[in-house]
Amino acid sequence: MSSKYDERKTIAKTSFFSTFLDETRDGKKRLSIRAIRWLVIISIHLLFFLSFKVDIQILEGTLNGSRLLGFHLIDVFTTLEVFLATYHMPINMIIGTVSILIVYLLIGGRTYCAWVCPYGLLSEIGEKLHSILVQKNIIKERNFDHRIKYIFWGIFLILAFTSSYLVFELFNVVGILSRFITYGWSAALAWVVTVFLIEVFFARRAWCKYICPIGTTYGFVGVVSASRIEWNDNCDHCMVCHDVCFENHILELTKPQYDKQHKELGIKKEIVTSGDCTLCGRCIDVCHSDALNYTFRLKSLL
């Protein structure tokens with residue numbers, strides 16, 4: 001298997017399983033960031049499952065609302081829905097929501113999407129299948145304005161307010177999968193399969209990019225979060241990072257048209273400021289010039 005230093009590791013040029021390994025410049029093999037993310041997600045949901053099945057009481061509940069060693073954790077969008085539907089917010093919900101906000105302010109808002117959400121794993125598989133079908137000219141690549149997600153975000157909150165019901169939870173593939181992993185089979189899994197097929201045959205990562213209000217909410221948090229992706233001027237603008245990033249508008253700073261501006265201002269490093277970044281690390285995994293990496297904006301204080 002060739003390394004990213006020998007061949008550009010675009011989605012089309014690599015097998016899916018090869019993306020779970022990375023290689024250093026001196027040829028040492030190691031797990032890729034994608035592999036580490038998958039292990040983290042699987043571990044989180046294994047704890048949900050075991051806490052319910054054998055009562056180990058470590059991580060109880062689902063992604064909508066849970067308890068970690070007895071401490072409440074509540075999804076932020078779920079809290080917004082509940083408040084708009086009931087005009088009431090229990091103290092445990094306030095504590096759980098504040099706790100989650102603090103965590104994601106530190107580790108990055110949409111890290112939820114890449115490092116916690118179980119549907120993200122299915123969506124990444126669907127992304128590869130979609131790429132194969134596009135390569136074979138069986139389907140066409142379709143892209144829409146990523147800001148559509150703000151419309152869906154508003155619609156679901158308005159529906160909660162006007163109906164006094166958590167309407168989004170009927171369509172929430174994240175919640176459906178989380179409950180399936182913890183509690184078992186449900187007919188609602190048919191909707192998860194439907195969304196997956198839409199992503200395979202119609203639009204790449206459609207749920208995550210255009211619809212999911214959970215990711216949109218964490219995106220608002222991500223604008224001010226401390227953990228970021230950092231670019232440096234080793235970049236040779238090969239644009240492979242754009243290929244693997246499903247929110248590739250966030251990597252605008254990697255385009256060659258900004259070279260002159262960077263040189264004039266003496267900019268050698270720059271952070272990705274968009275809240276849409278999930279910090280999935282795919283751009284880091286494929287960068288052959290080591291121009292992208294994680295950074296922590298508060299490290300100077302530490």
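Rules used in this analysis
- Residues numbered from 1 in each chain as written.
- Predicted model: local features only at pLDDT ≥ 70, side-chain atom pairs only at ≥ 80, totals over all residues.
- Heavy atoms only, no water.
- Axes fitted to C-alpha atoms, helices over the stretch in contact; angles between N-to-C directions.
- Helix = DSSP H or I, 4+ residues; strand = E, 2+ residues; numbered from the N terminus.
- Parallel < 35°, antiparallel > 145°, perpendicular 65-115°, else oblique.
- Contact = heavy atoms within 4.5 Å.
- Nonpolar A, V, L, I, M, F, W, Y, C, P; charged D, E, K, R; others polar.
- Pairing = 2+ DSSP bridges.

A.B. asks: Hey, could you go over the packing of helix α6 (residues 148-163) against helix α10 (residues 213-222) for me, with residue numbers and the actual values?
C.D. replies: Closest axis-to-axis distance for the α6/α10 pair is 9 Å, and the angle between their directions is 105 degrees. Taken as axis vectors, α6 and α10 run roughly perpendicular relative to one another. Of the residues in α10, those in contact with K149, Y150, W153 and F156 of α6 are P213, T216, T217 and F220. Partitioned by chemical class, the residues of the contact of α6 with α10 number 5 nonpolar, 2 polar and 1 charged.

A.B. asks: Help me get a handle on the sheet that holds strand β4 (residues 65-68), residues and values and all.
C.D. replies: Read from one edge of the open sheet, 3 strands run β3-β4-β5, paired in antiparallel fashion. Of all strands in the sheet, those bounded by a partner on one side alone are β3 (59-61) and β5 (71-74). Averaged over all adjacent pairs, the angle separating strand axes in this sheet is 25 degrees, with direction ignored. With 3 bridges joining them, β3 and β4 adopt antiparallel strand pairing.

A.B. asks: Could you give an account of the sheet that holds strand β6 (residues 227-232), naming the residues involved and the relevant values?
C.D. replies: With antiparallel pairing, the 3 strands of this open sheet are ordered in space as β7-β6-β8. Single-partner strands in this sheet number two, and they are β7 (269-271) and β8 (292-296). With strand direction ignored, the average angle separating the axes of adjacent strands in the sheet is 40 degrees. Two strands pair when backbone bridges link them, and β6 and β8 are joined in this way by 5 bridges, in the antiparallel orientation. Opposite W231, over in β8, you have L292 as the bridge partner.

On their own, these measurements won't tell you what the molecule is for.
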